[in-house]
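# Analysis of the macromolecular model
Residue-level listing of the chains:
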Amino acid sequence: MPDEIHQGGCLCGAVRYRTAGPALRTLACHCRFCQQMTGTTSYANSVFPIDSVVFTGMLSVYDHRSENSGKAVHLHFCPKCGTTVTLTFERWPEYRAISRGTFDDPDWVDIVAHIWTESAQSGVMLPAGVDCFERARVELDGTPNTPIRHAAPVPARRGH
Ligand SMILES: [Zn+2]
Ligand SMILES: [Zn+2]
């Protein structure tokens, strides 16, 4: 459905957006950056071509230097309420990530993979039947990693 439209925005409503077309992928990331950025256990986000999302309202930007890749990750957040609505990436300038929780209906899209599960917090469960990667889906040199699919939900951290 090339003309499918989804909408969302920040907590206070000053920033709104519309996405056109399907998400390229929707991931839940358990890396320490995502934990600190969100202040919680993980960051679920949908990746879109950068031109497929139109915003209204003003976003502020914080630039974070990734320890893993050495490249900048740009956090775009509402200056009024602080919601991080979207990320852009020095490494992938043609894409942006939309924070799944900011969609008016986050359930329109399914999480297809959990990544960086090796740093998942204690108490976090990984679902059955979804690709789980201990680290990134793809190494910095482009080598794809092999996912694990669990038959039943499992704690992300064994022994916790
Ligand atoms: Zn806001
Ligand atoms: Zn992450």
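The following refers to the structure shown. Since this is a predicted model, take the numbers as computed values, not measurements.

Let's shift gears to the sheet that holds strand 4 (residues 43–49). Strands sit in the order 6-7-8-9-4-3-10-12-13 across an open sheet of nine strands; the sheet is mixed. Where the open sheet ends on each side, the last strands, each with one partner, are strand 6 (60–65) and strand 13 (148–149).

With that out of the way, let us pick up the coordination of the zinc ion (ligand 1). Ligation of the zinc ion (ligand 1) by protein atoms is provided by Cys10 (SG), Cys12 (SG), Cys78 (SG) and Cys81 (SG), these donors lying 2.3 Å from the ion. Considering all four donor atoms around the zinc ion (ligand 1), angles at the metal cover 107 to 115° and the coordination shape is tetrahedral. Site description for the zinc ion (ligand 1): donor spacing in sequence, C-x1-C-x65-C-x2-C. Of this pair, Cys12 sits in the loop between strand 1 (5–9) and strand 2 (16–20) while Cys78 sits in the loop between strand 7 (72–77) and strand 8 (84–89), and the two are 66 residues apart along the sequence.

Turning our eyes to something else, we now look at the sheet that holds strand 2. Strands sit in the order 1-2-5 across an open sheet of three strands; the sheet is antiparallel. What marks the edges here is a single partner per strand, and that holds for strand 1 and strand 5 (53–56). On average, each strand axis in the sheet is inclined to that of its neighbour by 20°, with strand direction left out of account. Two strands pair when backbone bridges link them, and strand 2 and strand 5 are joined in this way by four bridges, in the antiparallel orientation. Directly across from Thr19, in strand 5, lies its bridge partner Val53.

Now for the coordination of the zinc ion (ligand 2). Looking at the zinc ion (ligand 2), one finds its protein donor set to be Cys29 (SG), Cys31 (SG) and Cys34 (SG), positioned 2.1 to 2.3 Å from the metal centre. Binding-site remark: the zinc ion (ligand 2) is held by donors from one chain whose sequence spacing is C-x1-C-x2-C. Judged by its relative accessible area of 5%, Cys34 is buried.

Moving on, we come to the pairing of strand 7. As defined by bridge partners, strand 6 adjoins strand 7 across six bridges and the pair is classed as antiparallel. Bridge pairing in strand 7 places Ser60 opposite Phe77. Here five bridges tie strand 7 to strand 8, and the two strands are oriented antiparallel to one another. In the sheet register, His74 faces strand 8, and the bridge partner there is Thr88. The hairpin formed by strand 7 and strand 8 contains six residues between the paired strands, and Gly82 there has a positive phi angle of roughly 85°.

Counted according to the given criterion, the structure contains four salt bridges. Its salt-bridge partner being Arg16, residue Asp104 comes within 2.7 Å of it at the nearest N-O pair. Taken as a pair, Asp104 in the loop between strand 9 (95–99) and strand 10 (113–115) and Arg16 in strand 2 lie far apart in primary sequence, 88 residues in all. In this structure Arg16 comes out as partly exposed when scored by relative accessible area, which is 28%. A salt bridge links Glu118 to Arg135; its shortest N-O distance comes to 3.3 Å. With Glu118 in the loop between strand 10 and strand 11 (125–126) and Arg135 in the loop between strand 12 (131–132) and strand 13, this pair connects stretches of sequence that are 17 residues apart. Taking the relative accessible area as the measure of exposure, Glu118 reaches 43% and is therefore partly exposed.

Conventions used here
Residues numbered from 1 in each chain as written. Chains lettered and ligands numbered in written order. Predicted model: local features only at pLDDT ≥ 70, side-chain atom pairs only at ≥ 80, totals over all residues. Heavy atoms only, no water. Pairing = 2+ DSSP bridges. Helix = DSSP H or I, 4+ residues; strand = E, 2+ residues; numbered from the N terminus. Donors = N, O, S within 2.8 Å, 3.2 Å for Na, K, Ca; no water. Tetrahedral: all angles 85-135°; square planar, octahedral: opposite > 155°, others 65-115°. Axes fitted to C-alpha atoms, helices over the stretch in contact; angles between N-to-C directions. Buried < 20%, exposed > 50% of the residue type's maximum accessible area, 1.4 Å probe, protein only. Salt bridge = Lys/Arg side-chain N within 4 Å of Asp/Glu carboxyl O.

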